[in-house]
Amino acid sequence: MGGRTITDVVTIDGPAGAGKSTVARCAAERLGYAFLDTGAMYRAATWRAMHLGVPLTDDVALATVAREMNLDMAEGNSVLVDGVDVSAAIRAPDVTRSIHYLADNTNVRETMVAHQRRIAALGPTVAEGRDMGTIVFPEAACKIYLDASPEERANRRAEDMKAAGHSVDIEKLAGEIRERDERDRNRTVAPLRPADDAIEVDTTGMTPDETVDAIVALVEAVKGTAS
Ligand code: DC
């Protein structure tokens, strides 16, 4: 990272369905920052492994899949892997269910972290994920941890999936979210947890606009103290 102080990285972490992606993207826009969706990176690598037919239990092969991935997230919402637009494919339920094979792999995570730091070094960035405040940008001046009740998170994910044309079984979805929370919180590498200096925001009952307002206000307060 060339010794640059990461004062202009805002980290947003939290569990699935806490509303991170939508609000982090809008907050980035309002602040004039770039937006980095790191979940999309793990999704893209998982899609690539599945597309190449790499066994998901082969740790060495998965590390190569991540290292050799040509990932392009420069254009708005779209994600390109090796030149193919996979923006919708990486959100498919079978990809979501398989991400843990890569997210638990230390070598895959090292590749991702290096890539995330290179992207954030390009300019002010809102970085969203699970380990942004704890592992990737521990020096970030403003760290936010978003959470919401499990029921609300399941409902939000259901709405997203319906909007993307997937059929939804809410009970099954709630079970999958619980399972993913467990995995994300209890894995040995980069477990999901708030950084010690993160500000925790419970978004249960808050609209996306209210959450964006809260984030922008927090960032501006932190910047005001820093300058
Ligand atoms: O935010 P999301 O649902 O798109 O993330 C997909 C998965 O990727 C999630 O189950 C955990 C993993 N992930 C991670 O391990 N580390 C990150 N920084 C971001 C996501």
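Quick note: structure is the one above.
Presented here is a report on the structure given in the accompanying data block.

Rules and cut-offs
- Residues numbered from 1 in each chain as written.
- Predicted model: local features only at pLDDT ≥ 70, side-chain atom pairs only at ≥ 80, totals over all residues.
- Heavy atoms only, no water.
- Near = heavy atom within 4 Å.
- Polar contact = N/O pair within 3.5 Å; in protein donor to acceptor, adjacent residues only side chain to side chain.
- Areas by Shrake-Rupley, 256 points an atom, 1.4 Å probe, with all protein chains shown as cover.
- Helix = DSSP H or I, 4+ residues; strand = E, 2+ residues; numbered from the N terminus.
- Salt bridge = Lys/Arg side-chain N within 4 Å of Asp/Glu carboxyl O.
- Buried < 20%, exposed > 50% of the residue type's maximum accessible area, 1.4 Å probe, protein only.
- Contact = heavy atoms within 4.5 Å.

Here's the deal with the site of the ligand
Inference 1: Among the 16 residues in the neighbourhood of the ligand, the closest are listed as R43, R109, D131, R180 and R187.
Inference 2: Contact between the ligand and T38: a nitrogen atom at 3.0 Å from a side-chain N or O atom of the residue.
Inference 3: For the ligand, an oxygen atom lies 2.7 Å from a polar atom in the side chain of R180.
Inference 4: Its free accessible area being 450 Å², the ligand has 98% of it covered by the protein chains.
Inference 5: Of all elements in the fold, only α2 (38-51), α4 (93-103) and α8 (170-186) reach the threshold of two or more residues within the shell around the ligand.
Inference 6: The element best represented in the shell around the ligand is α2, accounting for 4 residues.

Remarks on the pattern of salt bridges
Inference 1: A full pass over the atoms with the stated rule returns 15 salt bridges.
Inference 2: R30 is the partner of D213 in a salt bridge, and the nearest nitrogen-oxygen pair spans 3.0 Å. Pair noted here: D213 is in helix α9 (residues 208-226) and R30 is in helix α1 (residues 20-31), with a separation of 183 residues, a long-range link.
Inference 3: For D213, a relative accessible area of 41% puts it in the partly exposed group.
Inference 4: For E152, the salt bridge is made with R156, and the minimal N-O distance between the two is 2.8 Å. Taken as a pair, E152 and R156 lie in helix α7 (residues 150-163) at a separation of 4 residues, close to a single helical turn.
Inference 5: Ionic contacts of the salt-bridge type, sharing partners, join the residues D147, R153, D181 and R185 into one network.

Some thoughts on the side chain of T96
Inference 1: Counting through the fold element by element, T96 comes out in helix α4.
Inference 2: Judged by its relative accessible area of 16%, T96 falls in the buried class.
Inference 3: Setting aside its immediate chain neighbours within four residues, T96 contacts R43, R91 and R180.

Quick notes on unusual backbone geometry
Phi is mostly negative for residues that are not glycine, and the peptide bonds are mostly trans.
Inference 1: In this model, D82 sits at a positive phi of 50 degrees, which is unusual for a non-glycine residue.
Inference 2: Tracing the sequence through the fold places D82 in the loop between β4 (80-81) and β5 (84-85).
Inference 3: Residue D82 is classed as partly exposed on the basis of its relative accessible area, which comes to 36%.
Inference 4: Phi is positive for A190, close to 45 degrees, though the residue is something other than glycine.
Inference 5: Mapped onto the elements, A190 comes out in the loop between α8 and β8 (199-202).

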